[in-house]
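# Per-entry structural report
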Amino acid sequence: MQRATVLAADQRHAQRRPVPARRGGQGTGRAQQQAEAVIDRGRERARLVAVTQIANLFASDATIRVQRVDGNFLTGARLIGFEVERGGEVVLAVDTVRVRYTLRTLLDRTFSASVLVVAGPRLVVRQFEDGTFNTAGLLKPAQPGRRPFTVVVDDLALRDGR
């Protein structure tokens, strides 16, 4: 069973922000609050979609967690607190992933990123007594008979890896 877990949103997103009074009266503040609530729901929905799509890349016995996802989502995003857990241990953890991408390439089963920055990655690789590794089969294999999904990255940066 595939599991995607989204941790509690950053407290800044969970609390309503104070709305300054305007000359138009109190109705303007209420409309602004309602608009912000709609935007926050939209961002949360985009975050859930992103996490679910990422989880679909991993094996069914992996649990994916992301603390926060932000960005405009049309051209880029930032994931904060990304973790992949398998067999009760965190196998991959990344402090921040920042990506700038082109959505239209998805129609051709290609993810095209002009910039991908992975900051603070930690990969834990263990060899079991039977000679296999905890990371074996972590990513789902391509489905037979189906055109494979391609990933193209123009500029990749890894920072502060362990």
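Position numbers for residues count from 1 along each chain, tracking the sequence in the order it is written. The predicted nature of this model means local features are confined to residues of pLDDT at least 70 and side-chain atom pairs, given and counted, to a pLDDT of 80 or more, with totals for whole chains, interfaces and linings taken over all residues. Only hydrogens and water are removed before side-chain values are computed, so all heavy atoms of the structure are retained for them.

## Some points on the nonpolar core
The term nonpolar core refers to a set of buried residues drawn from Ala, Val, Leu, Ile, Met, Phe, Trp, Tyr and Cys, joined through side-chain atoms within 4.5 Å. Whether a residue is buried, partly exposed or exposed follows from its accessible area with a 1.4 Å probe, protein chains only, as a fraction of its type maximum: under 20%, in between, or over 50%, in that order. Counting residues in each nonpolar core, the largest one holds 22 residues, and the members touching the most others are Phe58, Ile64, Leu79, Phe82 and Val84. Here a strand is any run of E in DSSP of at least two residues, a helix any run of H or I of at least four, and the numbering for each starts at the N terminus. When residues of this core are traced back to their parent elements, those giving at least two are helix H2 (26-55), strand S2 (62-70), strand S3 (76-86), strand S4 (89-102) and strand S5 (110-123). For this core, the leading source of residues is S4, giving six residues. Residues are treated as being in contact if the distance between any of their heavy atoms lies within 4.5 Å. Residue contacts for leucine 79: discarding those within four places in its chain leaves Ile54, Val66, Arg68, Val69, Asp95, Thr96 and Val97.

## Side note on unusual backbone geometry
One non-glycine residue with positive phi stands out, namely phenylalanine 73, at about 70°. If you trace the backbone, phenylalanine 73 turns up in the loop between S2 and S3. If you check the backbone angles, arginine 109 has positive phi at about 60° while not being a glycine. By the secondary structure assignment, arginine 109 is in the loop between S4 and S5.

## What about the layout of surface pockets?
In this structure, the largest pocket occupies an estimated 1,800 Å³ of space. Lining the largest pocket are 39 residues, and of these Gln53, Ile54, Leu57, Phe111 and Phe149 lie nearest its centre. Those elements that place two or more of their residues in the lining of the largest pocket are H2, S3, S4, S5 and strand S6 (150-159). The biggest single contributor to the lining of the largest pocket is S5, with six residues. Polar here means any residue outside two lists: the nonpolar Ala, Val, Leu, Ile, Met, Phe, Trp, Tyr, Cys and Pro, and the charged Asp, Glu, Lys and Arg; Gly therefore counts as polar. Grouping the amino acids of the lining of the largest pocket by side-chain chemistry returns 32 nonpolar, three polar and four charged. Using protein atoms alone on a 1 Å grid, points that fit a 1.4 Å probe yet trap it form a cavity, whereas open point sets bounded by protein on both sides within 12 Å along at least five of seven lines form a pocket; residues with an atom within 4 Å of a point count as lining. Grid points are joined across faces, edges and corners, and a volume is the space filled by probe spheres set on the points.

## With respect to the pairing of S3
Counting buried positions along S3 yields eight of eleven residues, so the element is predominantly enclosed. A pair of strands counts as paired when DSSP detects no fewer than two bridges linking them. Pairing of S2 with S3, which is carried by eight bridges, proceeds in the antiparallel orientation. The residue bridging arginine 65 from the neighbouring strand is glutamate 83, located in S3. Joining the antiparallel neighbours S2 and S3 is a turn of five residues, in which glycine 71 adopts a positive phi near 130°. One ladder, built from ten bridges, connects S3 with S4; its direction is antiparallel. Bridging from a neighbouring strand, alanine 77 pairs with valine 99 of S4. Counted between consecutive antiparallel strands, the loop separating S3 from S4 contains two residues, among which glycine 87 sits at a positive phi close to 65°.

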